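# Observations on the model geometry
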Amino acid sequence: MEIISPGINRYLDALLPERHPKLLEMEALARTRNFPIIGPQAGRVLYQYVKLINARRVFEMGSGFGYSAFWLALALPEDGKLICSEASQNNVDLAEDYLKAGGLLPKVQLQTGDALKLLHNAEGPFDLIFNDVDKEDYPRALAIALPKLRPGGVLISDNALFHGRVTQEHPDRGTRGIIAYNQTAFHTPTLWTTILPVRDGLAVSWKIPQNA
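Here goes a summary of the coordinates provided.

Assigned secondary structure in the protein chain consists of 8 helices and 7 strands. In terms of C-alpha radius of gyration, the protein chain reaches 16 Å, essentially the compact-globule figure of 17 Å for 212 residues. Counting only C-alpha atoms and orienting by the principal axes, one finds that the protein chain spans roughly 40 × 40 × 30 Å. At a minimum sequence separation of 6, the contacts of the protein chain that also span at least 24 residues come to 70%. Put simply, the protein chain has 22 plus and 23 minus side-chain charges, and the middle of one group is 3 Å from the middle of the other.

Attention now moves to the pairing of strand β5 (residues 149–157). Two faces belong to every sheet, and in a regular strand the side chains alternate between them. Of all 9 residues in β5, 7 are buried; the element is thus mostly enclosed. In this structure, strand β4 (residues 126–131) lies alongside β5, joined through 5 bridges in parallel fashion. Counterpart to N131 in the pairing with β5 is S157. Pairing between β5 and strand β7 (residues 202–207): 4 bridges, direction antiparallel. Bridging across to β7, S157 finds its partner in A203.

This brings us to the packing of aromatic side chains. Applying the stated criterion across every chain, the model contains 4 aromatic pairs. Ring plane angle 65° and centroid distance 5.5 Å describe the contact between F59 and F126, whose orientation is recorded as edge-to-face. Taken together, the residues F59 in strand β1 (residues 57–61) and F126 in strand β4 connect sequence positions 67 residues apart. The same class applies to F59 and to F126, which are both buried. Pairing Y138 with Y181 gives two aromatic rings, centres 5.4 Å apart and planes at 65°, and the pair type is edge-to-face. Linking Y138 in helix α7 (residues 138–148) with Y181 in helix α8 (residues 173–187), this pair joins segments that are 43 residues apart in sequence. With respect to burial, Y138 and Y181 carry one shared label: buried. The structure contains a cluster of three or more aromatic residues connected by ring pairs, namely F35, F65 and Y98.

Mapped onto the fold, K107 is located in the loop between α5 (89–101) and β3 (108–112). A distance of 2.9 Å separates a polar atom in the side chain of K107 from the backbone oxygen of A73. Dropping the residues within four chain positions of it, K107 is found in contact with A73, L74, L76, P77, E78, G80, K81 and L82.

This brings us to the side chain of E27. Here E27 shows up in helix α2 (residues 21–33). Given the relative accessible area of 7%, E27 is considered buried. A distance of 2.8 Å separates the side chain of E27 from the side chain of R19, its partner in a polar contact. Residues within four places of E27 in sequence aside, it is in contact with R19, I37, P40 and Y67.

Rules and cut-offs
- Position numbers for residues start from 1 in each chain and track the written sequence from start to end.
- Under the rules for a predicted model, residues below a pLDDT of 70 receive no local features and side-chain atom pairs below 80 are neither given nor counted, while totals for whole chains, interfaces and linings still include all residues.
- Side-chain numbers here rest on the full set of heavy atoms in the structure, without hydrogens or water.
- Going along the chain from the N terminus, every DSSP run of H or I of four or more residues is numbered as a helix, and every run of E of two or more is numbered as a strand.
- Atoms counted for the radius of gyration: C-alpha only. Globule rule: 2.2 Å times the number of residues to the power 0.38.
- The contact criterion used is simple: two residues touch if any of their non-hydrogen atoms lie within 4.5 Å.
- When charges are tallied, Lys and Arg are placed among the positive residues and Asp and Glu among the negative ones, while His and the ends of the chain are skipped.
- By convention, the charge on Lys lies at NZ, on Arg at CZ, on Asp at CG and on Glu at CD.
- In this scheme, a residue with accessible area under 20% of its type's maximum is buried, one over 50% is exposed, and one in between is partly exposed, where area comes from a 1.4 Å probe on protein chains only.
- For two strands to pair, DSSP has to find at least two bridges joining them.
- The rule is short: rings of Phe, Tyr and Trp, with Trp giving its six-membered ring, pair when the centres are within 6.5 Å, and they are stacked under 30 degrees, edge-to-face over 60, tilted in between.
- The term polar contact refers here to a pair of N or O atoms within 3.5 Å; inside protein, the definition further demands a hydrogen-donor-capable atom paired with an acceptor-capable atom, and it admits residues adjacent in sequence only when both atoms are side-chain atoms.

If you want it as structure tokens, here you go:
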């Protein structure tokens, strides 16, 4: 199911200004390999939120070959730090090559392994956490990410609408994970959550400060 009509999607793509040549290379590689990436529309959202909340410490759960990490690192200040987590060493090596070529590697720490375990063991708090792990693990990802996020920080999760499968009467395991995540994110008193219908849906949760 198309989340956004093809005509509107083409219009939004046409609005995009030129982007870093390495991002274009990564987009071409994703098309060649049929590898899912967030794409430039969602990439700009990540960049924007890093800037909006003046994020300096960011954790990414599930980095693939570094496309979303490239957007996050671009937005961080020179002394900012992005921790990337990815299970595939091949993807980590490829991400390192792209980030190095883009001059962004000094801001990035690449970790290979289970993203949930790596975040659980990481020293928080983080200003922004981006979640793109296996969809059945989304409820666990939320439970682990919330205490690692500073008050006023933002948690963003990809695939919140999952190609429209969240509306199906008999969802599969991965879709059930996303449905449970969305329900919890919207009904957790310490979070203010919205879903942006960008690409496949971005769930954006603001961790409410005590005095807000």
